[in-house]
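# Close look at the chain arrangement
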Amino acid sequence: MATRLTETELSELGTKIPQWSRALDKEAIRREFRFADFSQAWGFMTRVALLAEKFDHHPDWSNVWNTVRIELSTHDAGGLTQNDVQLAQAIDALLG
């Protein structure tokens, strides 16, 4: 099982994944993505789904028209782990 990030690691998230923010209501990270239309948003979600399968780590997410909201947390560990950071970095890399 993955281990939760330490307080030091949590404080360094802003440098590793600057576009992501920490959730206020739980130990998780979040990011919102906006696209030109629903088709682009859906295509992005498809690419993220393939990444999630590769990482065996799946996001909580939602989609409304051109907006995709992603939240990452490792449920088994009860908070944030390196799995979340790595998946966030891989998602960011999809956008080039």
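Our subject in this report is the structure included herewith. (Residues numbered from 1 in each chain as written. Predicted model: local features only at pLDDT ≥ 70, side-chain atom pairs only at ≥ 80, totals over all residues. Heavy atoms only, no water.)

### Structural notes on the side chain of Asp84
Operational definition: Secondary structure follows DSSP: runs of H or I at least 4 residues long count as helices, runs of E at least 2 residues long count as strands, and numbering of each begins at the N terminus. Contacts described as polar in this section are N or O atom pairs within 3.5 Å, which, within protein, must combine one atom able to donate a hydrogen with one able to accept it, while residues neighboring in sequence count only if both atoms come from side chains. Contacts are residue-level and defined by heavy atoms, with any inter-residue pair within 4.5 Å sufficient.
Among the structural elements, Asp84 can be located in helix 4 (residues 82-94). Engagement of the side chain of Asp84 in a polar contact is seen with the side chain of Thr74, the distance being 2.8 Å. Setting aside anything within four residues of it in sequence, one finds Asp84 in contact with Ile29, His57, Leu72, Ser73, Thr74 and Gly79.

### Observations regarding the pattern of salt bridges
How we decide: Criterion for a salt bridge: a side-chain nitrogen of Lys or Arg within 4 Å of a carboxyl oxygen of Asp or Glu. Note on exposure labels: buried denotes an accessible area under 20% of the residue type's maximum, exposed denotes more than 50%, and partly exposed covers the range between, all computed with a 1.4 Å probe on protein chains only.
Taken as a whole and judged by the stated rule, the model has 7 salt bridges. Notably, a salt bridge pairs Glu27 with Arg4, separated by 2.5 Å at the nearest N-O pair. Separated by 23 residues along the polypeptide, Glu27 in the loop between strand 1 (21-22) and strand 2 (29-34) and Arg4 in the segment before helix 1 (7-11) bring together distant segments of the chain. By relative accessible area, which is 43% here, Arg4 ends up partly exposed. In this structure, Lys26 engages Glu71 in a salt bridge whose closest nitrogen and oxygen atoms are separated by 2.8 Å.

### With respect to the packing of aromatic side chains
The way to describe two aromatic rings as a pair is by their centre distance and the angle between their planes. The condition is simple: Aromatic rings from Phe, Tyr and Trp, taking only the six-membered ring of Trp, are treated as a pair when their centres fall within 6.5 Å; an angle between ring planes under 30 degrees marks them as stacked, one over 60 as edge-to-face, and anything in between as tilted.
Counted under the stated rule, the structure contains 4 aromatic pairs. A centroid spacing of 4.8 Å and a plane angle of 45° characterise the contact between Phe33 and Phe44, whose relative ring orientation is tilted. One end of the pair, Phe33, is in strand 2; the other, Phe44, is in helix 3 (residues 38-55), and 11 residues separate them in sequence. An identical accessibility class is assigned to Phe33 and Phe44; each is buried. Summarising the aromatic geometry, the rings of Phe35 and Phe44 are spaced 4.9 Å apart at their centres and angled 40° between planes, so their arrangement reads as tilted. Taking relative accessible area as the criterion, Phe35 reaches 15% and is therefore assigned buried. Each member of the aromatic cluster is reached from another via a ring pair, and the members are Trp20, Phe33, Phe35 and Phe44.

Shape is all these values report; function is a separate question.
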